[in-house]
Amino acid sequence: MRIKLVHTALLLALCTCLEAQTMIGLTKSEVKEIVKSEHKEFRTDNTVVRQHFNYLKYVNGMGTRTWILYFTDEDICKTSKLVCDYSEFDEVVEDLGSSCIKTGDSLWEREQGKETYQLELTRQEWYFTVRETRKEKG
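Residues numbered from 1 in each chain as written. Predicted model: local features only at pLDDT ≥ 70, side-chain atom pairs only at ≥ 80, totals over all residues. Heavy atoms only, no water.

A. Expanded view of the sheet that holds strand S1 (residues 42–44). Pairing is antiparallel in the open sheet, where eight strands are placed in the order S1-S2-S3-S4-S8-S7-S6-S5. The sheet is open, and its two borders are formed by S1 and strand S5 (101–102), each paired with just one other strand. Pairing analysis gives two bridges linking S5 to strand S6 (residues 107–112), with the strands arranged antiparallel. Residue pairing in the sheet places Ile101 in a bridge with Glu109 of S6. Sitting on the sheet, helix H2 (residues 28–38) is in contact with S1, strand S2 (55–60), strand S3 (65–71) and strand S4 (77–85), with an inclination near 10° to S2. Packed onto the sheet, helix H3 (residues 89–99) meets S3, S4, S6, strand S7 (115–123) and strand S8 (127–134) and runs at close to 160° relative to S7. (Pairing = 2+ DSSP bridges. Helix = DSSP H or I, 4+ residues; strand = E, 2+ residues; numbered from the N terminus. Contact = heavy atoms within 4.5 Å. Axes fitted to C-alpha atoms, helices over the stretch in contact; angles between N-to-C directions.)

B. Just H3, in detail. Taken together, the buried positions of H3 are Phe89, Val92, Leu96 and Ser99. The buried residues of H3 occupy an angular sector of 120° when projected down its axis, which confines them to one face. When the buried face of H3 is taken as reference, the exposed residues oriented beyond 90 degrees from it are Asp90 and Glu94. (Buried < 20%, exposed > 50% of the residue type's maximum accessible area, 1.4 Å probe, protein only. Arc of directions from axis to C-beta.)

C. Examining the pattern of salt bridges more closely. Using the criterion set out here, one finds seven salt bridges in the structure. The partner of Lys28 in a salt bridge is Asp75, and the shortest N-O contact between them spans 3.9 Å. Residue Lys28 is found in helix H2, and its partner Asp75 is found in the loop between S3 and S4; the two are separated by 47 residues along the sequence. For Asp75, a relative accessible area of 31% corresponds to the partly exposed category. One salt bridge connects Lys57 with Asp45, and the closest N-O pair in it is separated by 3.6 Å. (Salt bridge = Lys/Arg side-chain N within 4 Å of Asp/Glu carboxyl O.)

D. Spatial organisation of the pairing of S8. Of the pairings in the sheet, the one linking S4 to S8 comprises seven bridges and is antiparallel in character. Among the inter-strand pairings, Cys84 is bridged to a residue of S8, identified as Phe128. In terms of strand pairing, S7 meets S8 through seven bridges, oriented antiparallel. Across the sheet, Leu119 pairs through a bridge with Glu132, a residue of S8. Counted between consecutive antiparallel strands, the loop separating S7 from S8 contains three residues.

E. Focus on the pairing of S2. The buried count for S2 comes to six of six residues, which makes it a mostly enclosed element. Residue alternation in S2 divides its side chains into two sets, Tyr55, Lys57 and Val59 and Leu56, Tyr58 and Asn60, and both sets are buried. Bridge count for S1 against S2 is three bridges, and the pairing is antiparallel. Its bridge partner lying in S2, Thr44 is registered against Tyr58. In terms of strand pairing, S2 meets S3 through five bridges, oriented antiparallel. Within S3, the position partnered with Val59 by the bridge is Thr66. Here S2 folds back onto S3, and the loop between the two strands holds four residues, one of which, Gly63, carries a positive phi near 75°.

Read these as spatial facts, not as claims about activity.
Here's what the structure looks like:
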């Protein structure tokens with residue numbers, strides 16, 4: 001009975017992790033549509049424009065989360081970064097814990113299809129970041 005409970009808990013954790021959607025690999029237009037329809041708490045932020053980067057920048061209504069998505073020259077999302085105020089720390093870590101598998105002190109992974117994505121939390125003095133990248137195979 002105990003083994004069944006552990007097995008069920010692991011299966012639920014993996015399923016939860018698989019449901020989390022990454023933007024990596026999507027086109028810029030696909031990202032815009034998904035953010036518009038599924039992430040209504042974020043709005044486009046054009047306050048700083050860096051011409052040498054190909055990116056989209058969003059900020060939540062309270063201004064405590066900034067979401068930056070970086071694209072290749074072909075407008076394919078290659079990485080994303082969430083910059084947060086420390087007032088968001090507990091919630092963000094809880095979200096990571098419920099949607100991904102913890103693989104290190106500040107590292108999590110999630111699988112989507114045949115790809116594995118790594119999420120790394122970095123603490124700064126006034127804010128923290130969560131960077132998502134495609135994990136290299138091998």
